[in-house]
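Single-letter residue listing:
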Amino acid sequence: STQISLPGALLKSMIRQTLFAIAESDAKPIHQGSLFSLENGILDVVSVDGYRLAVRREPVDFSEDLSFVVPGKTLSELLKLIKDSEEPVEISAGRRHILFKIDNYTVISSLLEGEFLNYRAAIPNDFEHVVSIDSHELISSIERVSLIVSEKLKNPVRFHFDGNYVQLSCVTAIGKSYDECPIDGCIEDLEIGFNNRYLLDALRNARTEQVRMEISGPLSPVKVLPVEGNDFLYLVLPVRFKND
C-alpha cells in the first residue's frame, strides 16, 4: 500500500468542499464517492453527479502518482473525526481498501471500483465572459428568489446578465420573484437558467468573500472559481427553460 500524510485541517477542507457534489443516485456507483487523484505533487479531490462537478486542488509533499475513490459515507464519517488542526492524518491506500489514522482512531474502508469520469476533459478551458461577484450578496439574492422554489416546484432561477448587474427571477405556481446583484465586470444581455440548489451549494462551499465566474453562453456549463488561482473549481450545468 501507499502511505501519505496530510494535515487534518487541509484534508478536512478538501473533503468538505467537494462532498456535497457526490452523486446520490446509484446509476454509476463509482460516483457515490470522491476521487483522490495525485499527480506531479498536486492532489485533486473530485466529486461529480450528472449536473455539477467539484474539484479541490492542493500541492502536497508526495512524489508518487496514485488515484483512488473513497465512498461518500466514509468521507462523512471522517469529517466528524478529523480536527481542524495541523495534526497529520495518515492515509494508507491499498488496491481495494484504504485506512485513515486520526489520533486514536483508525477508519478502514473499501474503495469504490470502476471508471471515474475523466474530469479534466469535462472542464471547458475556454469561456467568453469572466466576472467577479461578492459570494454573500449572490447567495442572498438566490435565496430570496428561491423562496418560491420547492421540491414540487423545481423551476430554475433565471439569471439575466445585464451590464454590471445580474437580474435573478423565478416563476412557479406560487408566484414570481425578482432580485438583482451587482457584478464586477460587464456582460451584455445573457440569460442562463440554474437549479438554485446547485449554484447555492457551489457558492456556499467556496467559502471565499468573492468568486470568479467564467461563462460562455446560455447552454454552456458555468465555472465558479476563487478570484485568484484554482484551489477549487465548481462546474454547474445550466437548465433549459421550458419555452426555449
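Description of the structure in this document. Note that the structure is predicted; figures quoted are calculated from it, not measured.

## Quick word on the overall build of the chain
Now for step 1: Counting secondary structure elements, the chain contains 5 helices and 14 strands.
Now for step 2: Its C-alpha radius of gyration of 19 Å places the chain within 12% of the 18 Å reference for a compact globule of 244 residues.
Now for step 3: Seen through its C-alpha atoms, the chain measures out along the principal axes to roughly 55 × 35 × 30 Å.
Now for step 4: In the chain, which comprises 244 residues, the share counted as buried stands at 52%.

## A closer look at the sheet that holds strand β6 (residues 88-93)
Now for step 1: With antiparallel pairing, the 4 strands of this open sheet are ordered in space as β1-β6-β7-β8. Lying at the two open borders of the sheet, with one neighbouring strand each, are β1 (2-7) and β8 (105-110). On average, each strand axis in the sheet is tilted by 20° relative to the strand beside it, whichever way the strands run.
Now for step 2: Where strand β7 (residues 97-102) meets β8, 6 bridges bridge the pair, whose relative direction is antiparallel. Pairing of His97 across the sheet is with Ser110, part of β8.

## With respect to the pairing of strand β13 (residues 222-226)
Now for step 1: Most of β13 is tucked away, with 5 of its 5 residues classed as buried.
Now for step 2: Examined bridge by bridge, strand β12 (residues 210-215) and β13 share 4 bridges and lie antiparallel to one another. Pairing of Arg212 across the sheet is with Leu225, part of β13.
Now for step 3: What sits between β12 and β13 in their antiparallel hairpin is a turn of 6 residues.

## Section: the packing of helix α4 (residues 135-145) against helix α5 (residues 196-206)
Now for step 1: Interaxial distance between α4 and α5 falls to 10 Å at its minimum, and their mutual angle equals 155°. Relative to α5, the element α4 lies roughly antiparallel. Considering how the two elements wind past one another, α4 and α5 form a crossing that is left-handed. Where α4 abuts α5, its residues Leu138, Ile139, Ile142 and Glu143 lie against Asn196, Leu199, Leu200, Leu203 and Arg204.
Now for step 2: Tallied by class, the residues present in the contact of α4 with α5 amount to 6 nonpolar, 1 polar and 2 charged.

## As for empty space enclosed by the protein
Now for step 1: Per the counting criterion, the structure on display carries 1 cavity of 30 Å³ or more.
Now for step 2: The volume enclosed by the largest cavity comes to roughly 60 Å³.
Now for step 3: Forming the walls of the largest cavity are Gly8, Ile82, Lys83, Ser85, Glu87, Pro88, Val89, Ile102 and Asp103.
Now for step 4: Class assignment for the residues of the lining of the largest cavity results in 4 nonpolar, 2 polar and 3 charged.

## Section: the pattern of salt bridges
Now for step 1: This model, assessed by the stated rule, comprises 17 salt bridges.
Now for step 2: For Glu143, the salt bridge identified is with Arg204, shortest N-O distance 2.7 Å. You can see Glu143 sitting in helix α4 and its partner Arg204 sitting in helix α5, a full 61 residues away along the chain.
Now for step 3: A relative accessible area of 35% means that Glu143 is categorised as partly exposed.
Now for step 4: Residues Asp201 and Arg197 are paired through a salt bridge, measuring 3.8 Å at the closest nitrogen-oxygen approach. In this pair, Asp201 and Arg197 are both assigned in helix α5, 4 residues apart and thus about one turn of the helix distant.
Now for step 5: Overall, the relative accessible area of 38% leaves Arg197 in the partly exposed class.

## Overview of the state of the cysteines
Now for step 1: In the structure shown here, the tally under the stated rule is 0 disulfides.
Now for step 2: Cysteine Cys181 is unpaired, with the sulfur of Cys186 as its nearest cysteine sulfur at 15 Å.
Now for step 3: Residue classification places Cys181 among the buried residues on the basis of a relative accessible area of 1%.
Now for step 4: The exposure class assigned to Cys186 is partly exposed, which follows from its relative accessible area of 44%.

Calculation criteria
Residues numbered from 1 in each chain as written. Predicted model: local features only at pLDDT ≥ 70, side-chain atom pairs only at ≥ 80, totals over all residues. Heavy atoms only, no water. Helix = DSSP H or I, 4+ residues; strand = E, 2+ residues; numbered from the N terminus. Rg over C-alpha atoms; globule rule 2.2 N^0.38 Å. Buried < 20%, exposed > 50% of the residue type's maximum accessible area, 1.4 Å probe, protein only. Pairing = 2+ DSSP bridges. Axes fitted to C-alpha atoms, helices over the stretch in contact; angles between N-to-C directions. Parallel < 35°, antiparallel > 145°, perpendicular 65-115°, else oblique. Left-handed = near helix turned anticlockwise from the far one by under 90°. Contact = heavy atoms within 4.5 Å. Nonpolar A, V, L, I, M, F, W, Y, C, P; charged D, E, K, R; others polar. 1 Å grid on protein atoms, 1.4 Å probe; cavity = no way out; pocket = protein on both sides within 12 Å on 5 of 7 lines; lining within 4 Å. Points joined across faces, edges and corners; volume = space filled by probe spheres on them. Salt bridge = Lys/Arg side-chain N within 4 Å of Asp/Glu carboxyl O. Disulfide = S-S within 2.5 Å.

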